[in-house]
Amino acid sequence: MARMKFLCDADRCIECNACVTACKNENEVPWGINRRRVVTLNDGKPGERSVSMACMHCTDAPCASVCPVNCFYTTADAVVLHSKDLCIGCGYCFYACPFGAPQYPRVGNFGSRGKMDKCTYCTGGPEPDNTAVQYAKYGADRLSQGKLPLCAEMCSTKSLLAGDGDIIAQIYKDRVAKRGYGSGAWGWQTAYRETIAT
Amino acid sequence: MAMVCARIRLCFAAIALLLLAVAAAPVAAQQPNSVNPNGSAVQEQQLLDQLHRVQGLGTIPDTKSYVIEQPQGREWRLFHEGYLPWIGGVVILGAIVVLLLFYFIRGVIRIEGGRSGRTILRFTAVERLTHWTIAISFVILGLTGLNISFGKSLLLPLIGPDAFSRWSIAAKYLHDYSSIPFVIGVLVLFLLWVRQNFFTRVDLRWFQEGGGMVGHKHPPAYKFNGGQKLLFWLVVLATIGVALSGFSLLFPFYLTNILGMQTSEIVHAVIAMLFIGLILAHIYIGTLGMEGGFEAMGTGDVDLNWAKQHHALWVEQELGQGRAATPPAGAAATPAE
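Here the structure is a predicted model, which is why all the values come from computation and not from measurement. (Residues numbered from 1 in each chain as written. Chains lettered and ligands numbered in written order. Predicted model: local features only at pLDDT ≥ 70, side-chain atom pairs only at ≥ 80, totals over all residues.)

1. Points about the overall build of chain B
Working step 1: Each helix and strand counted, chain B has 12 helices and four strands in total.
Working step 2: The C-alpha radius of gyration computed for chain B amounts to 37 Å, which surpasses the reference 20 Å derived for 337 residues by more than 25%, pointing to a less compact arrangement than a globule.
Working step 3: Reported as C-alpha extents along the three principal axes, the dimensions of chain B are approximately 170 × 45 × 40 Å.
Working step 4: In chain B, once contacts between residues fewer than 6 apart in sequence are set aside, the share between residues at least 24 apart is 69%. (Helix = DSSP H or I, 4+ residues; strand = E, 2+ residues; numbered from the N terminus. Rg over C-alpha atoms; globule rule 2.2 N^0.38 Å. Contact = placed C-beta atoms within 7 Å.)

Written as structure tokens, this is what we have:
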């Protein structure tokens, strides 16, 4: 089975935010929730770099481990999903996540956050695949249709890669060999405990 | 003839063009120009080593989203899932075991000479009301708080995920709202009792003689003995600890950033676990552990012999100030003719 991962090539990202727009549109993400975001390091200075970040779907996901109601589960493709029906909105998954993936729709009294929402790798959630109720709660389910997440599909420079970890690692390695430089797969050491040798 | 020359010229032109094209073709097999346009840019490992996080600038209003990597979340996870259950288990189960041992070995502390049948007022209605407010709040806070740490291991397998989630959502609100009467109650009792809770030499002697619990001495005490004063200050300090960290957790990211939130949670959980252990001992001594002890908070009036045994100096003070104990049984009956 494939082991799905994301790889953002920080040397190619031009901060166009196509990935952000694609995700928001495809999943009808409510206002204020940002499943995917682009962050720029050293903005305006020489050596400016942009990285697109959403959920990395970690190996041994810390969010799943700290959840007090165990609402997370990992699919056969190693995609980390959760159930909004079981979520109690305590916010612990955000404290544990190294990448800030969990998002909460409400800023209410006493930190009542509402149900957590995050990048689903366009895989939906525990509801049956491709039903209206699944779409309303979790967004698109592209993976069951054999498609990859839309953020990576829409990336204008193909800096954001999504797919089986070995395949995209190879693509990245070839890319680095051809152009002669590469800053590595950002977040891979933290998420998957591995780096790509370039 | 002209046709043939034209065709030959055309052929030559074509060949020349071909040669030109071949000569100008990029040599793909060569090593590419290794000029790295990002040579001066930061590397991920460099940022993690120096700042322990990767943070930049985004374009959305949610400023905490500008942190794209904070590996300390994993350390927090290790503490919360690895160490905290052990701390909680050892403290709480340990407290229960120690109390059981104490109960079976030392036994209940009896009133010497039996009850006198006369009572003296120890705690007023205000003191008792406040105490029970914080007591009930504490039990709710403790149980709902422990649900977060231990619920998924102990309760979830018994009642299933749907029921457990519904209970946990209710528990979260109970916990948040019970914190208010708890903190206000502790503040009220602090103001009512602080002047009677400063340590004196009498308390030193009380501790040295084992408080009457270890060994069978009878050290005297005023209204609050050394152990009670210790409890008072520990409760006040622990309440300040859980209240401040709890406030930070109630209003997430209002006071601090993610590292602060993780720290608040650790502080809150550890102090709370120790607090539960302490209060288990307090509950024991106030209910099972001491004959005649519960009435102090139950009705407010305690048996005079109990008071003389445990708080002799306080009884002297009270009687000296004219606050009488109830008369002996039978004395209120028809006076002798």
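2. Let's talk about the overall build of chain A
Working step 1: Of the regular secondary structure elements, chain A holds seven helices and six strands.
Working step 2: The helix and strand sequence of chain A, counted from the amino end, reads β-α-β-β-α-β-β-α-α-α-β-α-α.
Working step 3: For 198 residues, the compact-globule estimate of 2.2 N^0.38 gives 16 Å, and chain A sits close to it at 17 Å.
Working step 4: Counting only C-alpha atoms, chain A reaches 50 × 40 × 30 Å along its principal axes.
Working step 5: Counting across all 198 residues of chain A, residues that qualify as buried make up 52%.
Working step 6: Relative to all contacts within chain A whose residues are 6 or more apart in sequence, the contacts with residues 24 or more apart total 54%. (Buried ≥ 20, exposed ≤ 12 C-beta atoms within 10 Å, placed from the backbone.)

3. Quick word on the confidence of the model for chain B
Residue and element names in this part refer to chain B.
Working step 1: Averaged over chain B, the pLDDT score is 89; the fraction of residues at 70 or greater is 93%.
Working step 2: Segment residues 26-30 is flagged for pLDDT under 50; beyond a separation of four residues in sequence, or across chains, it makes zero contacts in the model.
Working step 3: Scoring the predicted complex yields pTM 0.86 and, for the interface, ipTM 0.89. (pLDDT = per-residue confidence, 0-100.)

4. Focus: the nonpolar core
Soluble, globular proteins show a tendency: their nonpolar side chains are buried together.
Working step 1: Membership of the largest hydrophobic core comes to 68 residues, with the highest contact counts inside it found for Cys8(A), Val51(A), Cys93(A), Ala96(A), Cys151(A) and Leu160(A).
Working step 2: In contact with Cys8(A), other than residues within four places in its own chain, are Cys13(A), Val51(A), Ser52(A), Ser159(A), Leu160(A) and Trp186(A). (Core = buried A, V, L, I, M, F, W, Y, C linked by C-beta atoms within 7 Å.)

5. Comments concerning the packing of helix 6 (residues 161-193) of chain B against helix 8 (residues 226-250) of chain B
Residues and elements named next belong to chain B.
Working step 1: Contact geometry for helix 6 and helix 8: axes closest at 10 Å, N-to-C directions at 145°. Along this stretch, helix 6 crosses helix 8, giving a crossing that reads as left-handed. For the pair helix 6 and helix 8, contact is made by Asp176, Ser179, Val183, Val186, Phe190 and Trp193 and by Phe232, Val235, Val236, Thr239, Ala243, Gly246 and Leu250, respectively.
Working step 2: Residue classes in the contact of helix 6 with helix 8 are distributed as nine nonpolar, three polar and one charged. (Axes fitted to C-alpha atoms, helices over the stretch in contact; angles between N-to-C directions. Left-handed = near helix turned anticlockwise from the far one by under 90°. Nonpolar A, V, L, I, M, F, W, Y, C, P; charged D, E, K, R; others polar.)

6. Re the pairing of strand 1 (residues 4-8) of chain A
Put simply, side chains in a regular strand alternate between the two faces of the sheet.
All names here are of chain A.
Working step 1: Along strand 1, five of the five residues are buried, which leaves the element largely enclosed by surrounding structure.
Working step 2: With five bridges connecting them, strand 1 and strand 6 (residues 160-164) associate as antiparallel partners. Within strand 6, the residue paired with Leu7 across the bridge is Leu161. (Pairing = 2+ DSSP bridges.)

7. Quick look at the interface of chain B and chain A
Working step 1: Taken together, the contact between chain B and chain A spans 47 residues of the former and 41 residues of the latter.
Working step 2: Listed by contribution, the elements that provide at least two residues to the side of chain B that touches chain A are strand 2 (67-69), helix 3 (72-105), helix 4 (125-154), helix 6, helix 8 and helix 9 (258-286) of chain B.
Working step 3: The biggest single contributor to the side of chain B that touches chain A is helix 6 of chain B, with seven residues.
Working step 4: Split into classes, the residues belonging to the side of chain B that touches chain A amount to 21 nonpolar, 15 polar and 11 charged.

8. Thoughts on the environment of Tyr73(A)
Working step 1: Of note, Tyr73(A) is situated in strand 4 (residues 72-74).
Working step 2: Between the C-alpha atom of Tyr73(A) and that of Trp31(A), which follows or precedes it by 42 residues, the distance is 26 Å.

9. Overview of helix 4 of chain B
All names here are of chain B.
Working step 1: By the largest-angle criterion, Ile148 marks the main kink of helix 4, which is about 65°.
Working step 2: Within helix 4, the full set of buried residues consists of Thr130, Ile134, Ser137, Phe138, Leu141, Thr144, Gly145, Asn147, Ile148, Ser149 and Gly151.
Working step 3: Structurally, helix 4 contributes buried residues whose contacts are with helix 3, helix 5 (156-159), helix 6 and helix 9. (Bend = angle between axes of the 7 residues up to and from the residue.)

10. Details of the environment of His311(B)
Residue and element names in this part refer to chain B.
Working step 1: Examined against the element boundaries, His311 turns out to sit in the loop between helix 11 (304-310) and helix 12 (312-320).
Working step 2: Along the backbone, His311 and Pro61 are 250 residues apart, and their C-alpha atoms lie at a distance of 62 Å.
Working step 3: Once residues within four sequence positions are removed from consideration, His311 is found in contact with Ala221, Tyr222, Lys223 and Asn225.

11. A closer look at unusual backbone geometry
In most cases, non-glycine residues show a negative phi, while peptide bonds are predominantly trans.
Residue and element names in this part refer to chain A.
Working step 1: Positive phi, close to 55°, is recorded for Asn42, a residue that is not glycine.
Working step 2: C-beta crowding within 10 Å serves as the criterion here: with 15 such atoms nearby, Asn42 is assigned to the partly exposed category.
Working step 3: Even without a glycine there, the phi angle at Arg193 is positive, about 60°.
Working step 4: Tracing the backbone shows Arg193 in the segment after helix 7 (188-192).

12. Describing the environment of Thr263(B)
Working step 1: The topology assignment puts Thr263(B) in helix 9.
Working step 2: For Thr263(B), a count of 15 C-beta atoms within 10 Å gives the class partly exposed.

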